[in-house]
Amino acid sequence: MREALEGSLAIARAVALCKPDVVAAYPITPQTHIVENLSRLVAEGEMHTEFVSVESEFSAASVVLGAAAAGARAYTATASQGVLLMAEVLFNIAGLRIPLVMTVANRAVSAPLSIWNDHGDSMAVRDSGWIQLHCVDNQEAVDTTIQAFRIAQETELPVMVCMDGFVLTHTMEIIDMPSQEEVAGWLPPFDFARKLDPTDPKSFGMLVTPEYFAEIRHAHHAAMTRALPVIDQIDRDWAALTGRSSGGLLEVEGDPAAEVGILAMGSTVGTLRAGMAAHAEAAGPARIIKLRAFRPFPAEALREAVKGLKHLIVIDRAISPGLGGIVGTEVAAVLADMADRPRIHNHAIGLGGRDIPETIYADLMAAIRDPDAPAFSVFDVDLEKLAPEDR
Amino acid sequence: MTDETRLSELRAKFGRVPPAPDEPSPKPLTLREKQPRFEGLVSGHRACQGCGEALAARLVMESAGPDVMVANATGCLEVFTTPWPQSAWHVPWIHSLFENAPAVASGMEAAMKAQGKKTKVLAFGGDGGTYDIGFQALSGMLERYHNILYVCYDNEAYMNTGIQRSSSTPHAASTTTSPAGKDRMGKRHLKKDLLSIIAAHHVPYAASASVAFPADLQRKVRYAMGIEGPTFIVVHSPCPLGWKHASALTIEVARRAVECGLFPLVELERGSLSNVMPIRSPRPVRDYLEVQGRFAHLMKDKDPRAEKERDHLQALADYNIATFGLAGAAQDANDTGGAAAVGRGGPLVGGM
């Protein structure tokens, strides 16, 4: 049913449709509306779940870890400092290969303190071994959340659904909300084969000596690689049911004949779409590459997507100080062995919630004509605001 | 009369017929098969000789029975029981991290509730994981009233990493991060009174126990198992390596800790003292200190600082004896003090 919903409420409803047995969360802006709405659904008897309101994000992640290990479908949500406080647990969840779903309402990481959107938080746990999927709009966030529960079950890996804080979480959008029947028929019951069970006792999280550690890491990497086609197939299955795809691993839009490509994740893609529609005539056409799966990284699909491009603009919503862009660096690495790879222009844009206007499209297209442009820049930095020694 | 003849006579008298020579004798039971109780933690693990924690955990698992699952904090217990691919656990067991066993257990308990199962969740941690790094998660678990029995195996320092001081390390004990030296007499601070903090959560049941008193420990575990809600037991578990005593002396050292009053065995219900183990004739603290290398610097009779610290520790023991009423009126040959209030060996009449 199509209705106008705030992003967070839509996510709460999508989670409720998946009927998690256990939800644990700790409040942090801009994730709060999600857990408030879940709490309300529980309080009104519209959702039957053990809602564990914990004393920290560290415990939120630990509770869902324990719940899923004990055979429960489990969900949590957080952002920013919460992701970082959880970091140790997130690596542990992935290393134990526990299937559960977490929404990250992407927000910048302090200091300086900022409650606004960028991808610094989920990037900080890039190597935790979680699947990370990014959503362009709230419809995708709803669809991806439901898909995430199935991906987690089929891959026995945890899934992080990343949606831009405020830009998506606090924005009203017309959402086609699936029905309970649709979800119930599509999402199989949670049945974790390795669950803690007194009738078949197993030990989890044992001490592993150097004789076995490398093998277990290798197996984790292999499992993440095997998840690539699973993510793609589950999106197709969802599209077969609802008519809506969230873009599989990545999606190519815009002019297929264009020589310039722009790669981005999350809501920036929506801005670029609007920017291209408004400015393509003057600034020239582009191929927009929407990267949905950041982990596992779809290297093959990306190499296919950039064929024929002369320039590839890669937008980062985070920065690795001392290196530059994170997505940009990874894209460059993945394309390094292509014979005629595009020239990569890597920019960090919209850090700490700086608004990204539609005109960014024209500005980015103009910037590729500068032969002296550095390989990486903070594109929207205003150096005038800085002391000379900081520029 | 030969032994053989005497044996035949006894068998004839008491009705036992010797087996016929060609009758195959039944396969003798192994020691393990003779065990009358369920063993959740079995032998063959890698604990040191005389490990108090290994003994305590075995006793706890025996009393808890098979329908349990365990969340175990990082520490010796986790390391010595589960060197991949071997495990000494016969119950479902999970180790996540150092500081989150209470939260992981909370999730397991929530899962059991959601699935309508009655399996009891246990959470285990050492003193580092309980008094220090996991303290916040423990408080959260108690406040949220999860149906979990948390057992802290208290060996009074970070033994797994090599005997570093924790907030549970007793005053004046020498550890690798509170070493006794020219300027210092070991740990400068007091052992944290964790049980009082636990009691301040007004949980249904909190108790201290000791490996030197296994029947008392097991009674407390059985009692806690019967309560639906958060319960907590701290078990004094000597570490021969860290306390620097002979591994054969584990029980003796633990007993002296109780008998001198430094580790009082008490039970608290809803935050109020409900029972204590009386000490008929308290021993001097010196008896406890002198058998442990971690207090060797307190035994230098010519050092006035040693005498001062000994007096300090004796005062702490005297305080415990007075505060909890461990001596005097509670003396009773059958240890029945508080029995009516506690309802030994089973749940409280009338529920929680």
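Residues numbered from 1 in each chain as written. Chains lettered and ligands numbered in written order. Predicted model: local features only at pLDDT ≥ 70, side-chain atom pairs only at ≥ 80, totals over all residues.

### Looking at the interface of chain B and chain A
Note on interface size: it is often stated as the accessible area lost on association of the parts. Taken together, the contacts link 38 residues of chain B with 36 residues of chain A. Sorting the residues of the side of chain B that touches chain A by element identifies β1 (68-72), β2 (93-95), α4 (101-115) and α6 (135-143) of chain B as the ones contributing at least two each. Among the elements that make up the side of chain B that touches chain A, the one with the highest residue count is α4(B) (12 residues). Of the residues in the side of chain B that touches chain A, the class split is 22 nonpolar, 13 polar and three charged. (Contact = placed C-beta atoms within 7 Å. Helix = DSSP H or I, 4+ residues; strand = E, 2+ residues; numbered from the N terminus. Nonpolar A, V, L, I, M, F, W, Y, C, P; charged D, E, K, R; others polar.)

### Considerations on the sheet that holds strand β6 (residues 131-134) of chain A
Residues and elements named next belong to chain A. Pairing is mixed across the open sheet formed by seven strands, whose spatial order is β3-β2-β4-β5-β7-β6-β13. The strands lining the two open edges of the sheet, one partner per strand, are β3 (50-53) and β13 (293-295). Across the sheet, the mean angle separating the axes of adjacent strands is 20° when strand polarity is ignored. Judged from the four bridges that link them, β6 and strand β7 (residues 159-164) form a sheet pairing that is parallel. Bridge pairing in β7 places Ile 131 opposite Val 159. (Pairing = 2+ DSSP bridges. Axes fitted to C-alpha atoms, helices over the stretch in contact; angles between N-to-C directions.)

### Brief notes about the sheet that holds strand β15 (residues 343-348) of chain A
Whether parallel or antiparallel, the strands of a sheet pair through hydrogen bonds between backbone atoms. All names here are of chain A. If you walk across this open sheet you meet the six strands as β10-β12-β11-β14-β15-β16, and the pairing is mixed. Each end of this open sheet is capped by a strand with a single partner; those strands are β10 (250-254) and β16 (376-378). Neighbouring strand axes in the sheet, compared pairwise and without regard to direction, differ in orientation by 20° on average. Looking at chain direction, β10 and strand β12 (residues 287-291) are connected through five bridges and run antiparallel. When the sheet's bridge partners are listed, Val 252 is paired in β12 with Ile 289. Its contacts with the sheet put helix α11 (residues 326-335) on β11 (260-264), β14 (311-316), β15 and β16, and the angle it makes with β14 is roughly 145°.

### Side note on the nonpolar core
Residues Val22(A), Val64(A), Ala67(A), Val159(A) and Met108(B) are the most contacted members of the largest nonpolar core, which totals 227 residues. Counting only domains with at least three residues in this core, you end up with domain 1 (2-242) and domain 2 (252-390) of chain A. Excluding residues that lie within four positions of it along the chain, Ala67(A) makes contacts with Asp21(A), Val22(A), Ala72(A), Ala74(A), Gly107(B), Met108(B), Ala110(B) and Ala111(B). (Core = buried A, V, L, I, M, F, W, Y, C linked by C-beta atoms within 7 Å. Buried ≥ 20, exposed ≤ 12 C-beta atoms within 10 Å, placed from the backbone. Domains from an automatic or database assignment.)

### Focus: the domain arrangement of chain A
All names here are of chain A. Domain annotation for chain A reports domain 1 (2-242) and domain 2 (252-390). Listed as interface residues are 27 residues of domain 1 and, on the opposing side, 20 residues of domain 2. When grouped by side-chain class, the residues that make up the side of domain 1 that touches domain 2 number 15 nonpolar, eight polar and four charged.

### Things to note about the packing of helix α2 (residues 52-64) of chain B against helix α8 (residues 214-225) of chain B
All names here are of chain B. Running from amino to carboxyl end, α2 crosses α8 at an angle of 45°, the nearest separation of the two axes being 9 Å. Taken as axis vectors, α2 and α8 run oblique relative to one another. Classified by chirality, the crossing of α8 by α2 is right-handed. Note on element contacts: α8 touches α2 through Pro 214, Leu 217, Gln 218, Val 221, Arg 222 and Met 225, opposite Ala 56, Leu 59, Val 60, Glu 62, Ser 63 and Ala 64. (Parallel < 35°, antiparallel > 145°, perpendicular 65-115°, else oblique. Left-handed = near helix turned anticlockwise from the far one by under 90°.)

### Describing the pairing of strand β5 (residues 101-106) of chain A
Residues and elements named next belong to chain A. For β5, the tally of buried residues reaches six of six residues, placing the bulk of the element in the interior. Pairing analysis gives four bridges linking strand β4 (residues 74-78) to β5, with the strands arranged parallel. Opposite Thr 78, over in β5, you have Val 104 as the bridge partner. With respect to chirality, the unit in which β4 leads through helix α4 (residues 80-95) into the neighbouring parallel β5 is right-handed. The pairing of β5 with β7 spans six bridges and is parallel. Counterpart to Val 101 in the pairing with β7 is Val 159. (Right-handed = clockwise from strand over helix to strand, strands pointing away.)

### Quick word on the pairing of strand β5 (residues 205-210) of chain B
Residues and elements named next belong to chain B. Of all six residues making up β5, six are buried, and the element is well covered by its neighbours. Residues Tyr 205, Ala 207 and Ala 209 line one face of β5 and the alternating positions Ala 206, Ser 208 and Ser 210 line the opposite face, and both faces are buried. Pairing between β5 and strand β6 (residues 231-236): six bridges, direction parallel. Looking across to β6, one finds that Ala 207 is bridged to Ile 233. Taken together, β5, α8 and β6 constitute a β-α-β crossover, and its handedness is right-handed. Where β5 and strand β7 (residues 266-269) come together, two bridges link them in antiparallel fashion. If you follow Ala 207 over to β7, its bridge partner there is Glu 267.

### A word on the environment of Thr103(A)
Residues and elements named next belong to chain A. Following the sequence through the fold, Thr 103 ends up in strand β5. Overall, the presence of 30 C-beta atoms within 10 Å leaves Thr 103 in the buried class. Along the sequence, Thr 103 and Gln 132 sit 29 residues apart, while their C-alpha atoms lie 9.8 Å from each other. Residues in contact with Thr 103, not counting those within four places in the same chain, are Ile 11, Ile 34, Ala 77, Thr 145, Val 161 and Met 163.

### Things to note about the environment of His297(B)
Residues and elements named next belong to chain B. Mapped onto the elements of the fold, His 297 is located in the loop between α11 (285-289) and α12 (304-323). Spatially, the C-alpha atom of His 297 lies 19 Å from that of Arg 256, the residues being 41 residues apart in sequence. Setting aside chain neighbours within four positions, we find His 297 in contact with Ser 174, Ala 180, Met 185, Gly 186 and Ala 306.

### Describing the packing of helix α9 (residues 268-283) of chain A against helix α12 (residues 360-367) of chain A
Residues and elements named next belong to chain A. In the contact formed by α9 and α12, the axes pass within 7 Å of each other and the chain directions differ by 60°. Between α9 and α12, the crossing angle belongs to the class labelled oblique. Every residue of α12 that contacts α9 at Thr 271, Leu 272, Gly 275, Met 276, His 279, Ala 282 and Ala 283 is listed here: Ile 360, Tyr 361, Ala 362, Met 365 and Ala 366.

### Digging into the confidence of the model for chain B
Interpreting fine coordinate detail is not advised for predicted regions of low pLDDT. Residue and element names in this part refer to chain B. For chain B, per-residue confidence averages 90 on the pLDDT scale, and residues scoring 70 or more make up 87% of the total. The low-confidence segment residues 336-352, where pLDDT is below 50, has 27 contacts with residues more than four positions distant or belonging to other chains. In the predicted complex, the global pTM is 0.91; the interface-specific ipTM is 0.96. (pLDDT = per-residue confidence, 0-100.)

### Description of the environment of Arg273(A)
Residue and element names in this part refer to chain A. Locating Arg 273 in the fold gives a position in helix α9. The partly exposed category is assigned to Arg 273, around which 18 C-beta atoms lie within 10 Å. A sequence separation of 79 residues divides Arg 273 from Arg 194, and the C-alpha atoms of the two residues are 44 Å apart.

### Overview of unusual backbone geometry
Residue and element names in this part refer to chain A. The omega torsion of the bond from Ser 110 to Ala 111 falls at 5°, within 30 degrees of zero and hence cis. Cis geometry is adopted by the peptide bond preceding Pro 296, which originates at Arg 295 and carries an omega value of -5°. A positive phi angle is found at Ser 80, which is not glycine, with a value near 45°. As for its position among the elements, Ser 80 is in helix α4.

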